[in-house]
Each structure stands twice: as C-alpha cells, then as structure tokens.
Amino acid sequence: MQQEPLITTYLEMHSKDHLRPKRADSPFYVREKMERDWRFNRNLYLRVGEQWDWLDKRSWTDDQWKEYATAPELRTFAGYCQDVLAGYYELRQDGEGGIEIAYFGLLPEWIGRGLGGALLTSAIETAWGMEPNPSRVWVHTCNCDHPQALANYQARGLVVYKVEEQP
C-alpha cells in the first residue's frame, strides 16, 4: 500500500489590513502565558497534535522543551471558552522581521464549535501588534493537519506562497 505524500503549504500575510477576522459566537478570549512553563507548551503540543500526528517534537526531552519554550523569540497564548482551555498558539519571531504562527490548534473536544477562526484571528492580530513591527505573518500547514486548516488560514487572508511535496 502506497503512503500518501506529505504536502506542506506555506502561507503569509504582508499587511494587517488583509486580515479577515472571525469572532466566536460564544464567550471566547485569549490570554498570553506570561509565566513561561515548558510543560504547558509540551502538554498542548501533545494534546492538540496527537490526532494530527504531529511528530517533530514528540520525542523531545524535558531539557529540549525547556530550551524551546523559554526562548526569548517565542510567545505562547491560550484560548478559553467559558473559562475552559480550548486551544493555543505560539508566535515566534523568525529573525528575518516576520512572525511565524509556529503552532496553532484546538483541543479535540473544542473542534467543530466555530472557535478555529476566532483563535486564528487572535493569533494574526497579536502578531501584527508585536514589536518591532513585523514585515509579515506566516504559517505552514500540511495534509496531516485538520482538514479545514488550510481553508481557515486562507479565509483569514493568508496567501499561499510555497507548496512542498515529500514522498
């Protein structure tokens, strides 16, 4: 049986004016994790990414997670619906003047409730508000992510600039 190739799609936005926001119908808010806690990042990466086979950091040691989650260029945000953790995103300054939405997703029990667009809107708005002002906001997704991930990114105004296929 032949395995499907991995297709990675890169998207970007060069102006905050291109954002097409979506708001949640239910009480929803996002808060930055001001106290850096690598366990929080690891836990959400594992819980959100489990169903999408996120593998790149699954085997990391505690020390690798500590180094990653406490890096000065990374900021972590958590989304809450009715005061219950629903998802998260990480924003990373990329060293080239841009902000990468490094990880983004909802916990399994919150998928399908109309929160993905609101969480992504928050990520993009927050990225554009960071200092120094970014030259772009970007993200990548692949065909292993949620089936609506690419459509959500495009609906918010991100534009495809590169597609890679690996066997």
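Placed above this text is the structure.
For clarity, every value in this text was computed on a predicted model and none was experimentally measured.

Enquirer: Can you tell me about the nonpolar core, naming the residues and giving the values?
Expert: Counting residues in hydrophobic clusters, the biggest one holds 45 residues, and the most contacted among them are Leu91, Ile101, Ile124 and Tyr153. Looking at this core, the element that brings in the most residues is helix 3 (residues 116–128), giving seven residues.

Enquirer: Give a description of the side chain of Asn41 that names residues and reports values.
Expert: Along the chain, Asn41 falls in helix 1 (residues 38–49). Of note is the side chain of Asn41, whose polar atom sits 2.8 Å from the side chain of Glu90. If we ignore the near neighbours within four places in the chain, the residues touching Asn41 are Trp65, Ala69, Leu74, Thr76 and Glu90.

Enquirer: Tell me about unusual backbone geometry, residues and numbers included.
Expert: Cis rather than trans, the peptide bond between Glu131 and Pro132 has omega equal to -5°. Tracing the backbone shows Pro132 in the loop between helix 3 and strand 6 (136–142). You will see that Asp53, though not glycine, has its phi angle at about 60°, which is positive. Here Asp53 is to be found in the loop between helix 1 and helix 2 (62–69).

Enquirer: Provide a residue-level description of the packing of helix 1 against helix 2, including the pertinent values.
Expert: The N-to-C vectors of helix 1 and helix 2 enclose an angle of 105°; their axes lie 8 Å apart at closest approach. The angle between helix 1 and helix 2 falls in the class roughly perpendicular. Across the interface between the two elements, Trp38, Asn41, Arg42 and Tyr45 of helix 1 pack against Asp62, Trp65, Lys66 and Ala69 of helix 2. Residue classes in the contact of helix 1 with helix 2 are distributed as four nonpolar, one polar and three charged.

Enquirer: Could you give an account of a nonpolar patch on the surface, naming the residues involved and the relevant values?
Expert: On the surface, Leu150, Val160 and Val163 cluster together into a nonpolar patch covering about 210 Å² of accessible area. Along the chain, Leu150 turns up in helix 4 (residues 149–155). Under the relative-accessibility criterion, Leu150 is labelled partly exposed at 30%.

Enquirer: Describe in detail the pattern of salt bridges, supporting the description with residues and values.
Expert: Pairing between side chains of opposite charge can happen when their charged atoms approach one another. In the structure shown here, the tally under the stated rule is 10 salt bridges. Among the ionic pairs, Glu12 bridges to Arg136, the shortest N-O distance being 2.7 Å. Here Glu12 is found in strand 1 (residues 6–13), whereas its partner Arg136 is found in strand 6, with 124 residues between them in sequence. For the pair Glu12 and Arg136, one class covers both residues: buried. The shortest N-O distance in the salt bridge between Asp56 and Lys57 comes to 3.5 Å.

Enquirer: Let's hear about the sheet that holds strand 1: which residues, and what values?
Expert: The sheet built from seven strands is open, its strands ordered 2-3-4-5-6-1-7 with mixed pairing. The outermost strands of the open sheet, each flanked by one partner alone, are strand 2 (28–32) and strand 7 (159–166). Strand-to-strand twist of the sheet, defined as the mean angle between neighbouring strand axes without regard to direction, takes the value 25°. As paired strands, strand 5 (residues 98–106) and strand 6 are joined by three bridges and run parallel to one another. Counted as the bridge partner of Gly98 is Arg136 from strand 6.

Rules of the game
Residues numbered from 1 in each chain as written. Predicted model: local features only at pLDDT ≥ 70, side-chain atom pairs only at ≥ 80, totals over all residues. Heavy atoms only, no water. Core = buried A, V, L, I, M, F, W, Y, C linked by side-chain atoms within 4.5 Å. Buried < 20%, exposed > 50% of the residue type's maximum accessible area, 1.4 Å probe, protein only. Helix = DSSP H or I, 4+ residues; strand = E, 2+ residues; numbered from the N terminus. Polar contact = N/O pair within 3.5 Å; in protein donor to acceptor, adjacent residues only side chain to side chain. Contact = heavy atoms within 4.5 Å. Axes fitted to C-alpha atoms, helices over the stretch in contact; angles between N-to-C directions. Parallel < 35°, antiparallel > 145°, perpendicular 65-115°, else oblique. Nonpolar A, V, L, I, M, F, W, Y, C, P; charged D, E, K, R; others polar. Patch = residues over 30% accessible without salt bridge, like charges linked within 9 Å, V, L, I, M, F, W, Y side chains within 5 Å. Areas by Shrake-Rupley, 256 points an atom, 1.4 Å probe, with all protein chains shown as cover. Salt bridge = Lys/Arg side-chain N within 4 Å of Asp/Glu carboxyl O. Pairing = 2+ DSSP bridges.

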